[in-house]
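# Summary of the model geometry
Below are the chains, spelled out letter by letter.
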Amino acid sequence: MLRRRLDLVLSVLLVLMMVWVVWEARDWPFRTRLFPWMLGIPVLALTLLQLGAAIRNVAGARRAELAAGAAAASAPARRAAPPPAAPIDDPDAAAVPATVDPRAARARGLAIVGWLLVFFAAIWLLGFRWGTPLTGLVFLRYYAGESWRASVIVVLSMYAFFLLLEAGLSVPLPAGVIPQALGIGQLDVGPLSALRQALLGR
Amino acid sequence: MLEAFVAGLLNVFTVPVLPLMLLGIAVGFAVGILPGIGSPVAMALMLPFVFGMKPTEAFAFLLGMYSVTSTTGDITSILFGVPGESISAATIVDGHPMAKHGEAGRALGAALMSSLVGAVVGAFTLAAAIPIVTPLVLSFASPEFFALALLGITFVAALSGGNRLKGLVAGGIGLVLAMVGLDPQEGIERYTFGQVALWEGLGLVPIVVGLFAIPEIIELWMKGTSIAETRIGKLGGVWQGIKDTFIHLGITFRCSMIGTFIGIIPGLGGSVAQWVSYAHAVQSSPDQSRFGQGDVRGVLGPGAANNSGAGGALIPTIAFGVPGNLVMAILLGAFIIHGVQPGPDMLTTNLPLTFSMVWVIVVANIVTVAICLLFLNHLAKITYLRAALLIPILITLVYLGGYVDANSFLAMGLALLFGLIGMLMVYLDWPRPPLVLGLVLGPLVERYVFISYRLYEFGFLLRPLVVLILLIAAAVLFLPSLQRTGAKWRRVWRAG
């Protein structure tokens with residue numbers, strides 16, 4: 001039921017988005033407006049059809065729930081009630097193995113979304129070369145409970161990968177807000193330059 | 001002609017052409033397998049190195065690199081669910097579920113062998129097409145290109161799985177997202193919220209990486225296991241995957257031809273070819289129930305098409321100097337650096353050079369597939385690593401893929417945003433491939449509509465080739481429904 005309701009919410013949002021897409025184009029010159037309207041109006045019609053389908057789905061599920069409730073109330077309570085089954089449309093049931101508790105799986109899902117945001121912030125603040133290995137170390141050692149050995153190997157591989165990208169393939173990567181604010185570019189540029197000087201003489 | 005064909009082959013095996021080609025393959029292998037660094041970036045980075053080379057050496061190096069990126073890009077798509085190249089994204093749809101079911105070896109074997117078949121078909125089509133391609137491409141103008149792009153959009157229906165309406169809406173949203181940015185006609189901002197970074201539009205790479213990779217990362221952590229949920233011992237499926245290529249040779253060959261043909265059309269290329277060929281694989285299969293859950297035919301189609309496109313894209317580049325895609329535009333730069341003039345010269349005085357390009361594509365793919373098959377066991381073992389060890393690496397690759405597309409944090413944020421949208425789409429059973437197809441084809445449809453209207457007004461819709469292509473598009477869109485309705489009526493009629 002939760003999934004059907006969410007589907008309904010998404011369908012409403014899509015209709016609103018398409019109304020905005022069409023409305024926003026109203027004051028544009030003809031040639032700018034032509035394509036957004038040529039596409040936008042049929043897509044708006046499609047989203048309205050989808051909204052209708054989503055409403056029918058929710059209403060159908062509600063009717064089925066009411067009918068099931070009425071049947072259960074009228075049936076004699078001769079035998080013990082069966083254990084509650086997972087909802088038919090619970091995606092977690094399909095996405096994770098049966099041995100994993102769905103509630104725990106959902107908590108892990110939310111946690112990893114949080115980590116996605118933490119990695120994003122770390123890259124923004126410290127750049128790729130420092131942000132991802134440091135956050136990776138915290139994730140591996142303190143959140144995932146990996147051994148120091150495994151954590152350090154993964155983190156060093158990540159650092160080496162970014163070195164290869166920047167020094168070897170000249171892929172420009174951002175320094176991050178903090179090193180930039182401090183005026184030091186990449187945090188490790190000093191030691192790296194010294195190392196490059198020692199090894200390559202340039 | 002035959003002399004030039006043989007001379008082209010012999011050229012490839014001379015020194016320093018062969019070592020340079022192998023070096024190009026090594027670079028292409030790394031570029032393909034690492035998400036975020038696309039072949040156009042690699043080609044652009046390597047272009048300065050070809051100044052000192054002879055034309056045959058330069059093209060062996062550059063084409064050797066380019067022609068293997070899509071092959072190795074498939075490996076990352078299958079093992080991690082992150083497209084190694086933007087043209088390898090369609091391989092994820094069935095390849096990654098196969099890896100999750102412990103069939104990584106089979107999926108990789110199928111992807112590699114179909115890539116080889118595709119590359120060979122594309123290369124020899126290039127060789128065969130050279131004398132006859134001129135009238136074909138000259139007969140196409142912008143109205144026909146518009147009709148072809150529209151034909152591509154109709155494949156949305158086939159990519160929608162069980163829910164055609166949701167698929168059509170997702171495809172429509174993809175087309176709408178493609179409108180974000182500066183209007184190509186008047187230069188007016190459309191749906192940019194005043195952000196200069198959005199003037200160029202929404203990048204395809206961050207959206208594809210986000211839509212497909214982030215839901216995989218979340219699901220992987222929710223399960224708390226490795227990518228492969230079950231083990232099959234010593235990766236026994238590789239030979240099965242190779243055999244699958246020949247069991248389904250029809251699909252492999254047809255998708256190779258689709259890839260070659262789309263590669264010929266300027267502006268389309270591998271990003272479109274992979275999805276159209278995937279849609280063809282779905283549509284032409286009698287049993288479609290396993291597509292999206294790990295059907296090997298869903299690996300064979302895109303695997304073949306994204307490799308055959310290289311040969312196809314070279315046809316207009318060589319014959320007319322019209323680059324079929326960004327990589328070909330950079331390659332055209334290499335032509336100019338070396339004073340090689342595309343056009344009739346490439347079919348007469350420089351014919352051995354043209355044929356050496358054909359052979360480079362073939363030999364580079366044979367070498368790559370052989371290397372991959374040798375180390376496949378080690379590659380596939382990555383899918384048995386614990387989720388915790390992979391998560392930081394995958395998150396890094398996703399953000400890197402997003403960032404390098406436009407060198408901006410906004411693009412990185414876009415990858416994250418579309419990752420969450422992708423998760424919601426998976427949760428609510430919305431198909432993701434139609435959205436990508438709409439996004440890819442949107443700018444093409446708009447461009448060709450305007451050029452056609454300017455040249456012919458609405459008369460462009462009545463050109464014979466346009467009418468023919470639009471009829472095919474209508475058949476693609478409505479035939480399955482008509483067939484189902486017909487079957488239903490027949491059942492009713494038989495039941496009396």
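Structure: above.
So, a few notes on the structure that sits alongside this text. Counting starts from 1 at the beginning of each chain's written sequence and moves along it residue by residue. Just so you know, chain letters begin at A and ligand numbers begin at 1, following the order they were written in. Confidence filtering applies because this is a predicted model: local features only for residues at pLDDT of at least 70, side-chain atom pairs given and counted only at 80 or more, and all residues used for totals across whole chains, interfaces and linings. Derived side-chain values reflect all non-hydrogen atoms in the structure, with water molecules and hydrogen atoms excluded from consideration.

This part covers the overall build of chain B. Each helix and strand counted, chain B has 21 helices and two strands in total. Burial status across chain B gives 62% buried among its 496 residues. Here, two residues are considered to be in contact whenever any of their heavy atoms come within 4.5 Å of each other. In chain B, of all internal contacts separated by at least 6 residues, the share reaching a separation of at least 24 is 79%. With residues, only the protein chains shown are counted as cover, and all accessible areas are computed by Shrake-Rupley using a 1.4 Å probe. Accessible surface computed for chain B: about 18,000 Å², of which carbon and sulfur atoms make up 69%. Secondary structure elements follow DSSP: runs of H or I of four or more residues count as helices, runs of E of two or more count as strands, with numbering from the N terminus. We call a residue buried when its accessible area falls under 20% of the maximum for its residue type, exposed when it is over 50%, and partly exposed in between, using a 1.4 Å probe and counting protein chains only.

The helix and strand inventory of chain A stands at eight helices and zero strands. Starting at the N terminus and ending at the C terminus, chain A contains elements arranged as α-α-α-α-α-α-α-α. Buried positions account for 35% of the 202 residues belonging to chain A. Pairs at least 24 apart in sequence give 60% of the contacts found in chain A among residues at least 6 apart. When the accessible area of chain A is evaluated, it comes to approximately 12,000 Å², of which 69% is carbon and sulfur surface.

All right, on to the packing of helix H10 (residues 204-223) of chain B against helix H19 (residues 409-427) of chain B then. Residues and elements named next belong to chain B. At their nearest, the axes of H10 and H19 sit 7 Å apart, and the two run at 55 degrees to each other. What the angle tells us is that H10 and H19 run oblique. Crossing of H10 over H19 shows right-handed handedness. Where H10 approaches H19, its residues Pro206, Ile207, Gly210, Leu211, Ile214, Pro215 and Ile218 are matched on the opposing element by Ala411, Leu414, Ala415, Leu416, Phe418, Gly419, Gly422, Met423, Met425 and Val426. For the contact of H10 with H19, a count of residues per class yields 14 nonpolar, three polar and no charged. Interaxial angle, 0 to 180 degrees, is taken between N-to-C directions of lines fitted to C-alpha atoms, where a helix line uses only the stretch in contact. Angular relationships are summarised with four words: roughly parallel below 35 degrees, roughly antiparallel beyond 145, roughly perpendicular across 65 to 115, and oblique for the angles in between. Take the far helix as your reference; a near helix turned counterclockwise from it by less than a right angle gives a left-handed crossing, and one turned clockwise gives a right-handed crossing. Under the scheme applied, nonpolar residues are Ala, Val, Leu, Ile, Met, Phe, Trp, Tyr, Cys and Pro; charged residues are Asp, Glu, Lys and Arg; polar residues are all the others, including Gly.

Moving on, we get to a positive patch on the surface. All names here are of chain B. Together, Lys488, Arg490, Arg491 and Arg494 make up a region of like positive charge exposed at the surface. The topology assignment puts Arg490 in helix H21 (residues 464-495). The exposure class of Arg490 is partly exposed, given its relative accessible area of 47%. Surface patches are defined over residues having more than 30% relative accessible area and no salt bridge, joining like charges when they lie within 9 Å and nonpolar side chains (Val, Leu, Ile, Met, Phe, Trp, Tyr) when within 5 Å. Put simply, a salt bridge is a Lys or Arg side-chain nitrogen that is within 4 Å of an Asp or Glu carboxyl oxygen. His residues and chain termini do not enter the charge count, which takes Lys and Arg as positive and Asp and Glu as negative. A single reference atom marks each charge: NZ on Lys, CZ on Arg, CG on Asp, CD on Glu.

On to the interface of chain A and chain B, then. Contact with chain A, which involves 65 residues of that partner, is made by 59 residues of chain B. In short, buried area is how much 1.4 Å probe accessible area vanishes from two parts on joining, totalled over both. Across the interface of chain A and chain B, roughly 5,700 Å² is buried in total on both sides, 81% from carbon and sulfur atoms. Contact with chain B buries area across many residues of chain A, yet A:Arg31, A:Phe35 and A:Leu116 alone supply 13% of it, more than any other trio. Taken together, the links from chain A to chain B amount to three salt bridges. Each polar contact in these results corresponds to two N or O atoms within 3.5 Å; when the atoms are within protein, one needs to be able to donate a hydrogen and the other to accept it, and residues that are neighboring in sequence are counted only if both atoms are side-chain atoms. One can count nine residue pairs in polar contact (both at pLDDT 80 or more) joining chain A with chain B. Of all elements in the fold, only helix H1 (2-24), helix H2 (30-74), helix H3 (91-95), helix H4 (102-126), helix H5 (128-143) and helix H6 (148-168) of chain A reach the threshold of two or more residues within the side of chain A that touches chain B. Per-element accounting of the side of chain A that touches chain B gives the leading share, 13 residues, to H2(A). Each residue belonging to the side of chain A that touches chain B can be placed in one class, and the counts come to 50 nonpolar, eight polar and seven charged.

Another point: a nonpolar patch on the surface. A cluster of nonpolar side chains, A:Leu2, A:Leu6, A:Val9, A:Val12, A:Leu13, A:Leu16 and B:Leu424, forms an exposed patch at the surface whose accessible area comes to about 580 Å². Take the nonpolar patch: its biggest share by element is six residues, from H1(A). By secondary structure assignment, the location of A:Leu16 is in helix H1.

The subject of this paragraph is the pattern of salt bridges. Going through the model one piece at a time under the given rule, you end up with 11 salt bridges over all chains. Between B:Glu186 and A:Arg31 there is a salt bridge whose closest N-O contact spans 3.0 Å. Taken as a pair, B:Glu186 in the loop between strand E1 (181-182) and strand E2 (189-190) and A:Arg31 in helix H2 lie in two separate chains rather than in one. B:Glu186 gets classed as partly exposed once you look at its relative accessible area, which sits at 38%. A residue is classified by how much of its surface remains accessible, and A:Arg31, at 30% relative accessible area, is partly exposed. Residues B:Glu446 and B:Arg190 are paired through a salt bridge, measuring 2.8 Å at the closest nitrogen-oxygen approach. Residue B:Glu446 is located in helix H20 (residues 433-456), and its partner B:Arg190 is located in strand E2; the two are separated by 256 residues in the primary sequence.

Our next topic: the packing of aromatic side chains. Aromatic rings considered in pairs are described by the distance between their centres and by the relative angle of their planes. Stacked, tilted and edge-to-face pairs are distinguished by plane angle, under 30 degrees for stacked and over 60 for edge-to-face with tilted covering the rest, among Phe, Tyr and Trp rings (Trp via its six-membered ring) whose centres lie within 6.5 Å. If you walk through the whole model with that rule in mind, you get 20 aromatic pairs over all chains. Measuring from centroid to centroid gives 5.7 Å for A:Tyr143 and B:Trp221, while their planes differ by 40 degrees, and the two rings are tilted. Placement of A:Tyr143 in helix H5 and of B:Trp221 in helix H10 is noted, with the two residues assigned to different chains. You can call B:Trp221 buried: its relative accessible area is 5%. An aromatic cluster is built from A:Trp115, A:Phe119, A:Phe139, A:Tyr143 and B:Trp221, whose rings are joined through pairwise contacts. Sitting over the ring of A:Trp37, A:Arg33 keeps its end group 5.0 Å from the ring centre. Whether a charge sits over a ring comes down to the Lys NZ or Arg CZ being within 6 Å of the ring centre and within 35 degrees of the ring normal.

Okay, the packing of H5(A) against helix H18 (residues 387-406) of chain B next. Running from amino to carboxyl end, H5(A) crosses H18(B) at an angle of 155 degrees, the nearest separation of the two axes being 9 Å. Classed by the angle they form, the pair H5(A) and H18(B) counts as roughly antiparallel. Our pair here, H5(A) against H18(B), has a crossing hand that is right-handed. Of the residues in H18(B), those in contact with A:Phe128, A:Thr132, A:Gly136, A:Phe139 and A:Leu140 of H5(A) are B:Ala388, B:Leu389, B:Ile391, B:Pro392, B:Thr396, B:Tyr399, B:Leu400 and B:Tyr403. Tallied by class, residues from the contact of H5(A) with H18(B) come to 10 nonpolar, three polar and no charged.

This next bit is on H5(A). Buried within H5(A) are the following residues: A:Phe128, A:Arg129, A:Gly131, A:Thr132, A:Pro133, A:Thr135, A:Gly136, A:Phe139 and A:Leu140. Of the residues flanking the end of H5(A), it is A:Gly145, one or two places downstream, whose phi is positive at about 70 degrees.

This brings us to the nonpolar core. Nonpolar side chains in soluble globular proteins tend to end up buried together. Residues belong to a common nonpolar core when they are buried Ala, Val, Leu, Ile, Met, Phe, Trp, Tyr or Cys residues joined through side-chain atoms within 4.5 Å. Ranked by internal contacts, the top residues of the largest apolar core, which has 77 residues, are B:Ile173, B:Ile207, B:Leu211, B:Phe212, B:Trp275 and B:Leu435. Broken down by element, this core gets its largest block of residues, 11 residues, from H20(B). Once residues within four sequence positions are removed from consideration, B:Ile173 is found in contact with A:Leu14, A:Met17, A:Met18, A:Val43 and B:Leu435. Ranked by size, the runner-up nonpolar core spans 66 residues in total, among them A:Phe128, A:Leu173, B:Val82 and B:Val404.

All names here are of chain B. Along the chain, Asp94 falls in helix H5 (residues 90-100). Nearest to the buried, unbridged Asp94 among oppositely charged side chains is Arg290, at 6.8 Å. Here Gln293 takes part through its backbone nitrogen, which lies 3.5 Å from a polar atom of the side chain of Asp94. Asp94 has contacts with Tyr278, Arg290, Phe291, Gly292, Gln293, Gly294, Asp295, Gly298 and Val299, leaving out every residue within four places of it along the chain.

The next subject is the environment of B:Lys243. Its place among the elements puts B:Lys243 in helix H11 (residues 237-247). Taking C-alpha positions, B:Lys243 is 7.7 Å from B:Ala110, a pair spaced 133 residues apart along the chain.

As a further point, take unusual backbone geometry. Residues and elements named next belong to chain B. The omega torsion across Val15 and Pro16 is 10 degrees, close enough to zero to call that bond cis. Residue position: Pro16 is located in the loop between helix H1 (2-12) and helix H2 (17-33). In this model, Phe193 sits at a positive phi of 55 degrees, which is unusual for a non-glycine residue. Turning to its location among the elements, Phe193 is positioned in the loop between E2 and H10. Phe193 sits in the exposed class, given a relative accessible area of 67%. The phi angle at Glu457 is positive, at roughly 50 degrees, despite the residue not being glycine. Tracing the chain through its elements places Glu457 in the loop between H20 and H21.

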